[in-house]
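Observations on the model geometry
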Amino acid sequence: MTARLLVATRLVVTVQWRAKFPQIYFVIAIFAVIVFRTLIPAELVPLALPAFLFGEPGSLGIMMVAAQRYMERGERSVVALAVTPLTSGEYVSALIFGSAIVPTLATAVIHVGVLGVDLRVVLVIPPLYLIAVVSGGIGLMLSTVFTEFTRFILGTIPPIIVYSLPLLSFFGLAPFWAFKWIPSDSALVIFGMLARGQFDALAYAGSLGLLSLFAALTWWAAIATYMARVRHAIEFA
Amino acid sequence: MIVSVRDLRFRYPKSGVDVLHGLEFDIPEGEIFGFLGPNGSGKSTTQKVLTRILPGYRGAVQVFGQALASQRADYYNRIGVSFEFPNLYEKLTAEENLEFYRGFFDGPTEDPKALLRSLDLPVGDRRRVAAFSKGMKMRLVLARSLVNRPKLWFLDEPTTGQDPQHAVTIRELIRAQADAGVTVFLTTHDMAVADRLCDRVALIHEGRLLVVDTPRVLKLKFNERTVRVEHRVSNGSLQREDFRLDDADSKRAFLETVRTTDVETIHTLEPSLEDVFLRLTGTGLA
């Protein structure tokens, strides 16, 4: 199983590279660094950077996984995978976990570009990757439910709104306990601590944040799997 | 038997009617079994059931002596599936497509370069598959289906989009695989391919199996034993006459014609598989 999962992940990454997905990500990342270093006042960085960090792998991650799914649907290449020992679970895992690698690295570039190189680079990668995984899962689910791209775009709006609700807590506008069940909330907390350089609190709060993020991820994955099954969504059984 | 099918029925979800109505057939090891019928007759659906792409069938289906429903992912290590349309990763090269694909199988696999050569596809070509012609893509799909050295090979319209030379290459490859012991399930509406290649054929129409036999027996069964002669008459014009060999007078007339006229051509008029299908259903295969 592991070998097949690795091959499938390599396939996903290679196809995305040829489709220029990583190149697009890194151009956006470089552009973001330039904006942060030239336009955003230093005192606003601890607020603006976390919001941007979860937005890049978040909203773009949804789009990229969906773009790959529409591409595969157009080529009908996924049907060929259905007659190999690769299972649908391995395929979905490869698609989601493989697609999360590039957005994570590209977003880490933004983090380094704005805050410089220190311990925070290592600490920011796990939550970034988890956010990218959740976004990929949402992209997979939406692109499976909506077979037309225009409907998919409309379909992304509700999850992006829900995904962004923790910003209300983060900016102190409307704290609400239920936001804790949205994966972006924990990520924002961790990104905020990193941006403010609160290393002392980070060990404790960061661990709690990651645990909370895992719990939210599990919850969201269960919902996504249920919806995919209800809609007979994943055509490759 | 490699494949044994009894009372196979299938209905697509959200459809109120069966598209397969109680199919029954067996395929022994090493046979090229042709599954013939017009578009929409249920050929591809049957292949999709046998390759486990379509679950939810009714009836008893055994492959490799085991119920199809109980087969697991390992089943795909033993079968090869060539589709009727090009379903490749178009942003990858031909070799990359084969290399990735063979990484999904557990047992020994074929060398992608050798497979490409066997189907007259370029080796070392850095072009992406998107730049290939339809015929090249279809040959690559065929090559990909052999990458895991299957024991049972499903082919759906394998000569689609091929020029005559490559159609011959494909027929020779199929024959070579069968000679090596591979069982071939060949779905097609191309009578010429079926007639030249298949050990036995099944004719399917509107989801029902009409007949299963060798092409020769089927053709003889519907043969009217007629000879067509073209000869020159006294004014130089070409005359065509049909003689029924079952009729004594007609047979005498045939012999007299051959003896006394300037014969240009003689042909027996045994039916083609398409004629057989036409007589059984009243409709053509196209």
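Residues numbered from 1 in each chain as written. Chains lettered and ligands numbered in written order. Predicted model: local features only at pLDDT ≥ 70, side-chain atom pairs only at ≥ 80, totals over all residues.

Looking at the overall build of chain B
Helix and strand counts for chain B stand at 10 helices and 13 strands. Taken along its principal axes, the extent of the C-alpha atoms in chain B is 70 × 45 × 35 Å. Within chain B, buried positions represent 38% of all 286 residues. Of the contacts formed within chain B by residues at least 6 apart in sequence, a portion of 69% connects residues at least 24 apart. (Helix = DSSP H or I, 4+ residues; strand = E, 2+ residues; numbered from the N terminus. Buried ≥ 20, exposed ≤ 12 C-beta atoms within 10 Å, placed from the backbone. Contact = placed C-beta atoms within 7 Å.)

Things to note about the pairing of strand S8 (residues 183-188) of chain B
Along any regular strand the residues' side chains alternate between the sheet's two faces. Residue and element names in this part refer to chain B. Of all six residues in S8, six are buried; the element is thus mostly enclosed. Of the two faces of S8, both are covered, the one formed by Thr183, Phe185 and Thr187 as well as the one formed by Val184, Leu186 and Thr188. Note: strand S3 (residues 32-36) against S8, five bridges, orientation parallel. Residue pairing across strands places glycine 34 opposite leucine 186, the latter belonging to S8. Relative to S8, strand S7 (residues 152-156) runs parallel, the two being bridged by five bridges. (Pairing = 2+ DSSP bridges.)

A word on the sheet that holds strand S1 (residues 3-10) of chain B
Residues and elements named next belong to chain B. Reading across from one edge, S2-S1-S4-S5 is the order of the four strands in this open sheet, with antiparallel pairing throughout. Both outer strands of the open sheet, strand S2 (20-27) and strand S5 (66-67), are each paired with one neighbouring strand and no more. By the bridge criterion, six bridges tie S1 to S2 in an arrangement that is antiparallel. In the sheet register, phenylalanine 10 faces S2, and the bridge partner there is leucine 20.

Here's the deal with the interface of chain B and chain A
Accessible area lost upon the coming together of the parts serves often as the stated size of an interface. With 23 residues of chain B at the contact, the number on the chain A side is 19 residues. Along the lines of polarity and charge, the residues of the side of chain B that touches chain A split into 14 nonpolar, four polar and five charged. (Nonpolar A, V, L, I, M, F, W, Y, C, P; charged D, E, K, R; others polar.)

A short note on the pairing of strand S9 (residues 200-205) of chain B
Residue and element names in this part refer to chain B. Among the six residues that make up S9, five are buried, leaving the element largely enclosed by the rest of the structure. For S3 and S9, the ladder comprises four bridges, and the chain directions are parallel. Of the residues in S9, the one forming a bridge with phenylalanine 35 is alanine 202. Alignment of S9 against strand S10 (residues 208-213), held across five bridges, turns out to be antiparallel. The residue of S10 that forms the bridge with leucine 203 is valine 211. The turn linking S9 back onto S10 is made up of two residues, and glutamate 206 within it adopts a positive phi angle of 50°.

Notes on the sheet that holds strand S12 (residues 238-244) of chain B
Residue and element names in this part refer to chain B. Strand order across the open sheet formed by three strands is S12-S11-S13, with antiparallel pairing between neighbours. With partners counted over all chains shown, the strands left at the sheet margins are S12 and strand S13 (262-268), one partner each. The mean inter-strand angle of the sheet, taken between neighbouring strand axes irrespective of direction, is 20°. Contacting strand S11 (226-232), S12 and S13, helix H9 (residues 248-260) runs over the sheet at an angle of about 145° to S12. (Axes fitted to C-alpha atoms, helices over the stretch in contact; angles between N-to-C directions.)

Things to note about the nonpolar core
If you look at the biggest cluster of nonpolar residues, it comprises 126 residues, and the most contacted ones within it are A:Phe191, B:Val184, B:Phe185 and B:Leu186. It is helix H7 (residues 119-145) of chain A that provides the largest number of residues to this core, a total of 12 residues. Once residues within four sequence positions are removed from consideration, B:Leu186 is found in contact with B:Ile32, B:Phe33, B:Gly34, B:Phe35, B:Leu155, B:Leu197 and B:Cys198. (Core = buried A, V, L, I, M, F, W, Y, C linked by C-beta atoms within 7 Å.)

Observations regarding the confidence of the model for chain A
Residues and elements named next belong to chain A. When pLDDT is averaged along chain A, the result is 79; 83% of the residues meet or exceed 70. Per-element confidence in chain A ranges from a low mean pLDDT of 63 for helix H11 (residues 199-230) to a high of 91 for helix H1 (residues 2-18). The model gives residues 230-237 a pLDDT under 50, and that stretch makes 15 contacts with residues more than four places away or in other chains. (pLDDT = per-residue confidence, 0-100.)

Looking at the packing of helix H6 (residues 101-115) of chain A against H7(A)
All names here are of chain A. Two elements in contact, H6 and H7, have axes separated by 9 Å at closest approach and are oriented at 145°. Read as a crossing pair, H6 and H7 show a hand that is right-handed. Taken together, the residues of H7 that come into contact with H6 (itself represented by Pro103, Thr104, Thr107, Ala108, His111, Val112 and Leu115) are Arg120, Val121, Val124, Ile125, Leu128, Tyr129 and Ala132. In the contact of H6 with H7, the residues fall into 10 nonpolar, three polar and one charged. (Left-handed = near helix turned anticlockwise from the far one by under 90°.)

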